[in-house]
2 protein chains.
Amino acid sequence: MEEDVKEGASDKYSLRGRVFSRLREDILNGKYEEGIELREIAIGEELGVSRTPVREAFRQLELEGLIRIIPNKGAYVVGISDKDVRDIYILRSRLEGLAARWAVDHITNEQLEEMEENVYLAKFHTEKGHTEQMFELDNRFHELLYEASGSKILEHQLKDYHQYVLRIRKKTLSSAKRGPQSNLEHEAILEAIKKKNADDAERLANEHMINAYKNMIDKGLIKPDEI
Amino acid sequence: MEEDVKEGASDKYSLRGRVFSRLREDILNGKYEEGIELREIAIGEELGVSRTPVREAFRQLELEGLIRIIPNKGAYVVGISDKDVRDIYILRSRLEGLAARWAVDHITNEQLEEMEENVYLAKFHTEKGHTEQMFELDNRFHELLYEASGSKILEHQLKDYHQYVLRIRKKTLSSAKRGPQSNLEHEAILEAIKKKNADDAERLANEHMINAYKNMIDKGLIKPDEI
DNA sequence: CCTTGTATTATTGTATACAATCCTTGCGGC
DNA sequence: GCCGCAAGGATTGTATACAATAATACAAGG
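Residues numbered from 1 in each chain as written. Chains lettered and ligands numbered in written order. Predicted model: local features only at pLDDT ≥ 70, side-chain atom pairs only at ≥ 80, totals over all residues.

**Some words on the sheet that holds strand β3 (residues 74-77) of chain A**
Residues and elements named next belong to chain A. Using the following cut-off: Strand pairing is assigned whenever DSSP identifies at least 2 bridges connecting the two strands. For the purposes of this entry, the term helix denotes a DSSP run of H or I that reaches at least four residues, the term strand denotes a run of E that reaches at least two, and both are numbered from the N terminus. In this description, any two residues whose backbone-derived C-beta atoms lie within 7 Å of each other are considered to be in contact. Every angle, taken between N-to-C directions, lies between 0 and 180 degrees, and every axis is a line fitted to C-alpha atoms, over only the stretch in contact when it is a helix.
Taken in spatial order, the three strands of this open sheet run β1-β3-β2, and their pairing is antiparallel. Bordering the open sheet on either side are β1 (37-38) and β2 (67-70), each of which pairs with just one other strand. Relative to β3, β1 runs antiparallel, the two being bridged by two bridges. Its bridge partner lying in β3, Glu37 is registered against Tyr76. Sheet strands touched by helix α3 (residues 51-63): β2 and β3. Its angle to β2, the strand with the most contacts, is close to 115 degrees.

Set out below in structure tokens:
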């Protein structure tokens, strides 16, 4: 039950890092709903720390767009709407396609090996119904893809989005049918990368994300786009 | 000579906001080169503030990936390489295309009017050789496109990148030939949006960014991708 | 009764003090 | 000479104190 998807900013052994992770999770989970005001002292007391680490966490949350800070006034939860989730999946579908394309040329042997192992293990745990491991492996597969792209910028960006929709993804994967299908799609992406077929890799990664998106909507996890 | 491209985090009337903006600019401009260690006290003294606002600015810079903070040790400048710039232009080419596509359905009348005015004014100032106004209008055109996409997420993301490559863009636009050509491309994007032609809008916005990218390389502003 | 001004209070912004951690340096032993 | 290690200093992490700003309540005047 540990998410370390986003290193670099979480730093879970400092108070600030813990406050940051905790608040982000609480906002993403809906504990603090949209528009609510977060007071530094109240948060600090709740977590048993002073205002300093809370303030630093606030500044980070603002940059992530999760809260809006009005100077000398307060911090207000922005939250994440169904539309945001939909948008992120569309963006991800395009950017993951790009990551897969670039991975064809930049993936290292170590990354390739870990990816193969990942696909193998995912198949195993899916058959056994180990949802927690499935979740972790799915996380790792995508992270590997990002890292293999060889682009610090793209990797950073996709990890951000990945983290952002974490809550939704957890529900999605545990659905009985999506798990195996997702594994097949991972395997296809991996094969395309191994064969150095950039067009296929991009298309498959793109479709993979679109499928995840459709699944989410079919399951009623988020509202479809109404126009 | 003022950039307010990125509201929300800059907040230039607080010490933290000023420290943040200043440090980001200095890193992007190369004043602090890659790998250098930033000390809270030194930065604070240089800007005449205490450690507190400096620390908060550091946390934000870390989240933007401009510095790397190693707990209990220090903050190190990560910087922005030529490869980063190239990657951002490729990402932007795809995402701006998406923004243009979405803008077809979501642009408001006000935004459309401002965009038309923008294109008109840009033509005027380009003929007169007013580089500062050209720069501002180019900024604004892209911001308008982002806002017109109707996606908070996409807008946020693209504004980030826009800000990130600000320094490079300033050099690019002032080149004699790129200015008029860029204006023509803006106009074409605007026309496609007005005609509700999503495919054209996406393609043109995409090409616009690729052209900017090629121009940058032709002018020798950044190194080309060597493979 | 409504408006406006002011005093009070609550909250954020900043500075400083203290604690914890890391790095350096120099000493001693081998 | 080289390695280990401890003491000191430097730097970051956290807490608290003080300043500035904004919200609120209430009273005075129209």
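Still more ground to cover, so stick around.
**Some details on the pairing of β3(A)**
Consecutive residues of a regular strand have side chains that alternate between opposite faces of the sheet. Residues and elements named next belong to chain A. Heads up, the rule is: Neighbour density around each residue's C-beta defines its exposure: 20 or more other C-beta atoms within 10 Å make it buried, 12 or fewer make it exposed, and counts between make it partly exposed, where C-beta atoms are placed from the backbone.
Only one face of β3 is covered, namely the face carrying Ala75 and Val77; the face carrying Gly74 and Tyr76 is uncovered. Judged from the four bridges that link them, β2 and β3 form a sheet pairing that is antiparallel. Residue pairing in the sheet places Arg68 in a bridge with Tyr76 of β3. Hairpin connection between β2 and β3: a loop of three residues separates the two successive antiparallel strands, and Asn72 in this loop has a positive phi of roughly 60 degrees.

**Things to note about the interface of chain A and chain B**
This is how it is decided: Any residue that is not Ala, Val, Leu, Ile, Met, Phe, Trp, Tyr, Cys, Pro, Asp, Glu, Lys or Arg is counted as polar, Gly included; the first ten are nonpolar and the last four charged.
In this complex, chain A contributes 26 residues to the contact, which on the side of chain B involves 26 residues. Mapped by element, the contributors of at least two residues to the side of chain A that touches chain B are α3, α4 (82-106) and α7 (152-164) of chain A. With seven residues, α4(A) is the largest single contributor of residues to the side of chain A that touches chain B. Within the side of chain A that touches chain B, the residues separate by chemical class into ten nonpolar, six polar and ten charged.

**Focus on unusual backbone geometry**
Phi is positive for Lys196(A), close to 60 degrees, though the residue is something other than glycine. Structurally, Lys196(A) can be placed in the loop between α9 (178-194) and α10 (198-218). Taking the number of C-beta atoms within 10 Å as the measure of exposure, Lys196(A) has 11 and is therefore exposed. Even without being a glycine, Asn72(B) presents a positive backbone phi close to 65 degrees. You can call Asn72(B) exposed: it has 7 C-beta atoms within 10 Å.

**Quick look at the environment of Arg92(B)**
Residues and elements named next belong to chain B. On the secondary structure map, Arg92 appears in helix α4 (residues 82-106). Classification of Arg92 as buried rests on a count of 25 C-beta atoms within 10 Å. Sequence separation of Arg92 and Glu202 is 110 residues, and the distance between their C-alpha atoms is 12 Å. Once residues within four sequence positions are removed from consideration, Arg92 is found in contact with Leu158, Tyr161 and Met209.

**Some details on the protein's contact with DNA strand D**
We apply this condition: Nearness is defined per residue: the C-beta atom, placed using the backbone, must lie within 6 Å of the molecule or strand.
The environment of DNA strand D is made up of 19 residues, and the closest members are Leu15(A), Val49(A), Ser50(A), Thr52(A) and Asn72(A). Mapped onto the surface near DNA strand D, the elements with two or more residues apiece are α1 (15-28) and α3 of chain A together with α2 (40-47), α3 (51-63) and β3 (74-77) of chain B. At three residues, the largest contribution of residues to the surface near DNA strand D is made by α3(A). Of the residues that constitute the surface near DNA strand D, the class distribution is six nonpolar, seven polar and six charged.

**Comments concerning the domain arrangement of chain A**
By convention, interface size is frequently given as the accessible area that disappears when the constituent parts associate. Which entries qualify depends on this criterion: Source of the domain bounds: an automatic or database domain assignment.
Segmenting chain A into domains produces domain 1 (15-77) and domain 2 (82-218). On a C-alpha basis, the centroid separation for the pair domain 1 of chain A and domain 2 of chain A is 30 Å.

**A few points about the protein's contact with DNA strand C**
Lining the immediate environment of DNA strand C, one finds 19 residues, of which Leu15(B), Val49(B), Ser50(B), Thr52(B) and Asn72(B) sit closest. Secondary-structure elements contributing two or more residues to the surface near DNA strand C are α2 (40-47), α3 and β3 of chain A together with α1 (15-29) and α3 of chain B. The biggest single contributor to the surface near DNA strand C is α3(B), with three residues. Its residues assigned to classes, the surface near DNA strand C comprises six nonpolar, seven polar and six charged.

**Some points on the sheet that holds strand β2 (residues 67-70) of chain B**
Residues and elements named next belong to chain B. Spatial strand order, β1-β3-β2: three strands in an open sheet with antiparallel pairing. Looking at which strands have only one partner, the edges of the open sheet turn out to be β1 (37-38) and β2. Most of the contacts of α3 go to β2, to which it runs at about 115 degrees, and overall it touches β2 and β3.

**Looking at the nonpolar core**
Our working definition: Each nonpolar core consists of buried Ala, Val, Leu, Ile, Met, Phe, Trp, Tyr and Cys residues. Their C-beta atoms, within 7 Å, join them into a set.
Ranked by size, the top nonpolar core spans 80 residues in total, and within it Ala99(A), Ala103(A), Ala99(B) and Ala103(B) carry the most contacts. Residue contacts for Ala103(A): discarding those within four places in its chain leaves Leu145(A), Ala148(A), Ser149(A), Ile193(A) and Ala201(A).

**Quick look at the relation of the copies chain A and chain B**
Note the cut-off: The copies were overlaid with a least-squares fit restricted to C-alpha atoms from residues scoring a pLDDT of at least 70 in each copy.
Mapping chain A onto chain B is achieved by rotating through 180 degrees and translating by 0.1 Å along the same axis, at an RMSD of 0.2 Å. Taken together, the rotation and translation describe the operation of a two-fold axis. The share of interface residues of chain A whose copies in chain B are also at the interface is 100%, consistent with both copies meeting through the same surface.

**Structural notes on α3(A)**
Threshold: One fewer than the residue count of a helix, multiplied by 1.5 Å, yields its expected span.
Taking 1.5 Å of rise per residue, 13 residues should cover 18 Å, and α3(A) covers 19 Å from first to last C-alpha, within 8% of that figure. Summarising burial for α3(A): ten of the 13 residues are buried, a large majority. Residues of α3(A) that are buried include every one of Pro53(A), Val54(A), Arg55(A), Glu56(A), Ala57(A), Phe58(A), Arg59(A), Gln60(A), Leu61(A) and Leu63(A), and no others. Looking at the packing, one finds that the buried side of α3(A) touches α1, α2, β2 and β3 of chain A together with α3 of chain B. Phi for Gly65(A), located one or two positions after α3(A), is positive at around 80 degrees.

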